[in-house]
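# Breakdown of the fold
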Amino acid sequence: MARKSREEAEATARRILDAAETVFCEKGVAATTLHDIAAAAGVTRGAIYGHFRNKEDLFNRMHERVHLPIEALATEAASDDEPDPLGSLRGLLLRVLEETAGNAHQRRVLEILFHKCERVPATETLVARQQALNAQGRERTRRLLANAVARGQLPADLDCRRAAIGLHASITGLLFDWLLDPHAFDLAAEAAPLVDTWLTGLATASDLRLGRP
């Protein structure tokens, strides 16, 4: 009986998270209330409070559901023991793009983050959390690039901090544009060619900067 109750509770939490994704996408984060989410999920506000402290906690759990698996992969890829850091970086970038194209949960959550999370006082802590996660992502990318330099996969004079900023901006900019108009291009089909172009650019960046042939 206890196991069934636990499974039922987990199913209810998932239903609430699914409803939150839908309502946040439709109304925006600031305008959405817990009553809206409860109505979409077919539960009471009290049921939501049985699983989440408040709307901010619900938003963070919704984000973590798609972010944590990729974050674990990124942390593993950035390990100093990784024998092929450049290959791991390529795999990580492809995973982000292909999951966005093929996973409805990730696509909706990113759409909320990029287009439906207004910069207003009510969302200040959510925006600050996302800024911190972005900074962590850039630092992981810098470590990955530094590991690739150390293993001779990228030029020794590559500015890894600057390259990480550019690479992160390229990925987020691509996702921002695609989520604004998913019919503009096939993200899944373009993922590998774009990632390979970016990584090839890093390998030749020093030659281009110095005007070498």
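The notes below deal with the structure included here. All figures in this text were calculated on a predicted structure; none of them were measured in a lab.

We now examine the overall build of the chain. When you go through the chain residue by residue, the secondary structure sums to nine helices and zero strands. If you list the helices and strands of the chain from N to C, you get α-α-α-α-α-α-α-α-α. With the principal axes as the frame, the chain shows a C-alpha extent of 65 × 40 × 35 Å. The buried share of the chain, taken over its 213 residues, is 39%. Considering only contacts in the chain between residues 6 or more positions apart, those separated by 24 or more positions represent 72%.

A separate point is the nonpolar core. Most often, soluble globular proteins have nonpolar side chains that are buried together. Core analysis: the largest hydrophobic core is formed by 59 residues, its most contacted members being Ile37 and Phe59. Breaking this core down by element, the ones donating at least two residues are helix 1 (2–27), helix 2 (34–41), helix 4 (55–77), helix 5 (85–102), helix 6 (104–116), helix 7 (124–150), helix 8 (160–180) and helix 9 (187–209). The leading source of residues in this core is helix 8, at nine residues. Non-local contacts of Phe59, meaning those with residues more than four positions away in its chain, are made with Phe24, Val29, Ile112, Leu113, Cys117 and Leu126.

Attention now moves to helix 6. For an α-helix, 3.6 residues make a turn, and residues three or four places apart therefore share a direction. Regarding helix 6, the residues found buried are Gln106, Val109, Leu110, Ile112 and Leu113. For helix 6, the angular spread of the buried residues around the axis is 150°, confining them to a single face. The opening residue of helix 6 is Asn103, an N-cap whose side-chain oxygen sits 2.9 Å from the backbone nitrogen of His105.

By the definition in use, this model includes two aromatic pairs. With a centroid separation of 5.8 Å and 65° between ring planes, the pair formed by Phe24 and Phe59 is classed as edge-to-face. Taken as a pair, Phe24 in helix 1 and Phe59 in helix 4 lie far apart in primary sequence, 35 residues in all. Residue class for Phe59 comes out buried when judged on its relative accessible area of 2%. Judged by centre distance (6.2 Å) and plane angle (50°), the ring pair of Phe114 and Phe176 falls under tilted. Residue Phe114 is found in helix 6, and its partner Phe176 is found in helix 8; the two are separated by 62 residues along the sequence. Take Phe114: its relative accessible area is 28%, and that puts it in the partly exposed class.

Put simply, helix 5 and helix 6 touch, their axes get as near as 5 Å, and they point 100° apart. One finds that helix 5 runs roughly perpendicular with respect to helix 6. Counting all contacts with helix 5, which are made through Val96, Glu99, Thr100, Ala101 and Gly102, the residues of helix 6 involved are Ala104, Gln106, Arg107 and Leu110. Taken together, the residues of the contact of helix 5 with helix 6 sort by class into four nonpolar, three polar and two charged.

Now for the side chain of Thr123. Take Thr123: it is sitting in the loop between helix 6 and helix 7. Excluding its chain neighbours within four sequence positions, the residues that come into contact with Thr123 are Val29, Ala30, Cys117 and Glu118.

If charged atoms from side chains of opposite charge come close, those side chains can pair. Throughout the structure, instances matching the rule amount to twelve salt bridges. Two residues, Arg65 and Asp18, come together in a salt bridge whose shortest N-O distance is 2.8 Å. Taken as a pair, Arg65 in helix 4 and Asp18 in helix 1 lie far apart in primary sequence, 47 residues in all. Given the relative accessible area of 27%, Arg65 is considered partly exposed. With its nearest N and O atoms 2.9 Å apart, the salt bridge here joins Asp36 to Lys27. Judged by its relative accessible area of 40%, Lys27 falls in the partly exposed class. Connected through shared salt-bridge partners, Asp18, Glu21, Arg65 and Arg108 make up one network.

Conventions adopted
Residues numbered from 1 in each chain as written. Predicted model: local features only at pLDDT ≥ 70, side-chain atom pairs only at ≥ 80, totals over all residues. Heavy atoms only, no water. Helix = DSSP H or I, 4+ residues; strand = E, 2+ residues; numbered from the N terminus. Buried < 20%, exposed > 50% of the residue type's maximum accessible area, 1.4 Å probe, protein only. Contact = heavy atoms within 4.5 Å. Core = buried A, V, L, I, M, F, W, Y, C linked by side-chain atoms within 4.5 Å. Arc of directions from axis to C-beta. Polar contact = N/O pair within 3.5 Å; in protein donor to acceptor, adjacent residues only side chain to side chain. Phe/Tyr/Trp six-rings, centres within 6.5 Å; stacked < 30°, edge-to-face > 60°. Axes fitted to C-alpha atoms, helices over the stretch in contact; angles between N-to-C directions. Parallel < 35°, antiparallel > 145°, perpendicular 65-115°, else oblique. Nonpolar A, V, L, I, M, F, W, Y, C, P; charged D, E, K, R; others polar. Salt bridge = Lys/Arg side-chain N within 4 Å of Asp/Glu carboxyl O.

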